[in-house]
2 protein chains.
Amino acid sequence: MFISKFAASLIMETIQDIVIVGAGNVGTHLAEIMLEAGFTICQLAERGATIVPGKDLYIMALPDAAMEEALSEMPLKDEMLVHTSGSVPMEILSRYSENTGVFYPLQTFTKGRPIDMKEVPLLIEANRIDNENILVEAAKKISNKVIVADSDRRLSLHIAAVFASNFSNHMYDIARHLMEEQELDFDLLSPLIIETAAKARALGPDKAQTGPAKRNDREVIRKHLDMLKGHEAIKELYKRISDNISEQEK
Amino acid sequence: MFISKFAASLIMETIQDIVIVGAGNVGTHLAEIMLEAGFTICQLAERGATIVPGKDLYIMALPDAAMEEALSEMPLKDEMLVHTSGSVPMEILSRYSENTGVFYPLQTFTKGRPIDMKEVPLLIEANRIDNENILVEAAKKISNKVIVADSDRRLSLHIAAVFASNFSNHMYDIARHLMEEQELDFDLLSPLIIETAAKARALGPDKAQTGPAKRNDREVIRKHLDMLKGHEAIKELYKRISDNISEQEK
């Protein structure tokens, strides 16, 4: 058994030459990070570009809705093919290659903002155990937090990420809106926002929760709702989120 | 006119000796920060303690609901009296002193977590312009961001702070809940949360917004709502916040 494992590791293929399809935020960042990690980026292809054949790994870094059209034009035989989406099942790739998987980085990427990828969780899935081993090996070269997760588990994580990132950012944006009405600069809230994020990390968000809803301070909540008259959508959100927080404290 | 201003500045009182009533998160942090800035903290009083009379400034750092009871027992004549609340009008102090104001730091304080107060906005209000000058002078010794704001404006800022801090933390907490169900460690989301906060600061949250609701990606939203069956409160929040984000993109 020891010998056969050893033999397997000797013949296990490794990934060197990579094609990334999609030159948006995710594609561009992955290209830079993988280049630094010693991989060869043969192509970072804009949408619609002709894709070079015969490389070790094809990474689809396109919006979910654009993926299938791009796949149908790719010159693949059995090359390893992965996507980078939190919400697309791996199975949609099975029509295009026999070696498929997922390479999903749990982070928000912005052009021009460097990311320390070593700390970013990288969720891996593959259609076979040998492919999983190959992808995990490649993933470990760029991240210290490689996690094997099937499509359902990845989708749950994606929903969690929507709350933790997209929705928290929307809370900041409502705050910005309310401040601009008072001709106050949003940047005044920066120390509060940065400290809130750091505190949630240090204590856990359940222990870090503060505010009138947490204290169930109905007098303050009533004042806030009064002030939000004329902002019905924001008022409704205020009420629901406060109820949700108070509910958890019971 | 120049001379009278100059003369006024010569006779303007300044604050040196301070009593802080309330030894919770806000009181304790203010005491440390003001001590470092060169003020004398004569007393940091627990709730119910006997308050020393005759000092330059009395800072109420108690929960809103506990404030009036503590005030009614304070040995004040006309000493300067302020509170630190975002949501309490200055006027409630007028029964207890003729020199009143507000000293509201826009930050979330936690025992044991040091805060760089220089960057924290400090909102000042006072019942007369001479008192305002005295409080602003004191405030500038601890913060680079001193803002004079009346009670209505401060309440608006407090609501903005609730969204930016209490509600974004609740979004993190929902994410934690969803992750724990998958037996995944909340800390996996830390790089995403920290980057989201930093990005909102750098770009503004309107430009930093990403995710399925922003793209109005109904397919992904539908998948997420399907996965949230059995979590009706979370599902309802997901739907409303997504609608709100999509609405803004129109």
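Rules used throughout
In this numbering scheme, every chain counts its residues from 1 along its sequence in written order. Chain labels run from A onward and ligand labels from 1 onward, assigned in the order the entries are written. Local features in this predicted model are restricted to residues whose pLDDT is 70 or higher, and side-chain atom pairs enter the listing and the counts only when it is 80 or higher, whereas totals over whole chains, interfaces and linings include all residues. Hydrogens and water molecules were not included; the side-chain quantities draw on all heavy atoms of the structure. The contact criterion used throughout is that any non-hydrogen atoms of two residues lie within 4.5 Å. When two parts are put together, the accessible area they lose, computed with a 1.4 Å probe and summed over both, is reported as buried area. A carboxyl oxygen of Asp or Glu within 4 Å of a side-chain nitrogen of Lys or Arg is what we treat as a salt bridge. Polar contact is the term for a pair of N or O atoms within 3.5 Å; when the atoms are in protein, one must be able to donate a hydrogen and the other to accept it, and sequence-neighboring residues count only if both atoms are side-chain atoms. Secondary structure follows DSSP: runs of H or I at least 4 residues long count as helices, runs of E at least 2 residues long count as strands, and numbering of each begins at the N terminus. Per the annotation, domain bounds derive from an automatic or database assignment of domains. Three classes are used: nonpolar for Ala, Val, Leu, Ile, Met, Phe, Trp, Tyr, Cys and Pro, charged for Asp, Glu, Lys and Arg, and polar for all others, with Gly counted as polar. Burial here depends on accessible area, computed with a 1.4 Å probe over protein chains only, as a share of the maximum for the residue type. Under 20% is buried, over 50% is exposed, and the range in between is partly exposed. For two strands to count as paired, DSSP must find a minimum of two bridges between them. Each nonpolar core is a collection of buried residues, namely Ala, Val, Leu, Ile, Met, Phe, Trp, Tyr and Cys, held together in the definition by side-chain atoms within 4.5 Å. Here, the term right-handed applies to a crossover whose path from the first strand over the helix to the second runs clockwise when the strands point away from the viewer.

Caption draft 1: Region of interest: the interface of chain A and chain B. The interface is formed by 87 residues belonging to chain A together with 87 residues belonging to chain B. Among the residues of chain A in contact with chain B, Arg113(A), Phe163(A) and Leu192(A) are the three that bury the most area, contributing 8% of the side total. Our count for the contact surface shared by chain A and chain B stands at 6 salt bridges. A salt bridge links Arg201(A) to Asp187(B), with the shortest nitrogen-to-oxygen separation between them at 3.9 Å. Applying the counting criterion to the chain A and chain B interface returns 35 residue pairs in polar contact (both at pLDDT 80 or more). Of all the secondary-structure elements, those providing two or more residues to the side of chain A that touches chain B are α5 (151-181), α6 (190-203), α7 (205-208), α8 (218-227) and α9 (232-249) of chain A.

Caption draft 2: Spatial organisation of the domain arrangement of chain A. Residues and elements named next belong to chain A. Along its sequence, chain A is carved into domain 1 (2-149) and domain 2 (155-249). A C-alpha centroid distance of 36 Å is found between domain 1 and domain 2. Contact with domain 1, which involves 6 residues of that partner, is made by 5 residues of domain 2. For the domain 1 and domain 2 pair, buried surface summed over both sides reaches about 450 Å², with 70% attributable to carbon and sulfur atoms. Inspection of the region where domain 1 meets domain 2 yields 0 salt bridges. Taken together, domain 1 and domain 2 are joined by 0 residue pairs in polar contact (both at pLDDT 80 or more). In terms of residue class, the side of domain 1 that touches domain 2 is built from 3 nonpolar, 3 polar and no charged.

Caption draft 3: Representation of the pairing of strand β6 (residues 122-126) of chain A in the model. All names here are of chain A. For β6, the buried fraction is high: 5 of the 5 residues fall into the buried class. Side-chain alternation along β6 places Leu122, Ile124 and Ala126 on one buried face and Leu123 and Glu125 on a second face that is also buried. Two strands pair when backbone bridges link them, and strand β5 (residues 100-105) and β6 are joined in this way by 5 bridges, in the antiparallel orientation. In the sheet register, glycine 101 faces β6, and the bridge partner there is alanine 126. Pairing geometry for β6 and strand β7 (residues 146-148), over 3 bridges, is parallel. Within the sheet, the bridge partner assigned to leucine 123 lies in β7 and is isoleucine 147.

Caption draft 4: A look at the environment of Pro191(A). Along the chain, Pro191(A) turns up in helix α6. It is 50 Å that separates the C-alpha atoms of Pro191(A) and Pro53(A), two residues lying 138 residues apart in sequence. With sequence-adjacent residues up to four places away left out, Pro191(A) is seen in contact with Gln107(B), Glu119(B), Val120(B) and Pro121(B).

Caption draft 5: Expanded view of the side chain of Ser85(B). Its location among the elements puts Ser85(B) in the loop between β4 (80-83) and β5 (100-105). Setting aside residues no more than four positions away along its own chain, Ser85(B) makes contact with Asp64(B), Met67(B), Val102(B), Tyr104(B) and Arg154(B).

Caption draft 6: Quick peek at the nonpolar core. The biggest cluster of nonpolar side chains holds 76 residues, and the ones touching the most others in it are Phe163(A), Leu189(A), Phe163(B) and Leu189(B). Setting aside its immediate chain neighbours within four residues, Phe163(A) contacts Ser168(A), Met171(B), Ile174(B), Ala175(B), Leu178(B), Ile234(B) and Tyr238(B).

Caption draft 7: Spotlight on the pairing of strand β3 (residues 57-60) of chain B. All names here are of chain B. The alternating pattern of β3 places Leu57 and Ile59 on one face and Tyr58 and Met60 on the opposite face, and all of these are buried. Where strand β1 (residues 17-21) lies against β3, 4 bridges are found, and the strand directions are parallel. Paired with isoleucine 20 across the strands is isoleucine 59, a residue of β3. Bridge analysis of β3 against β4 gives 4 bridges, and the strand direction is parallel. Of the residues in β4, the one forming a bridge with methionine 60 is histidine 83. On the question of chirality, the crossover connecting β3 to the parallel β4 by way of helix α3 (residues 64-72) is right-handed.

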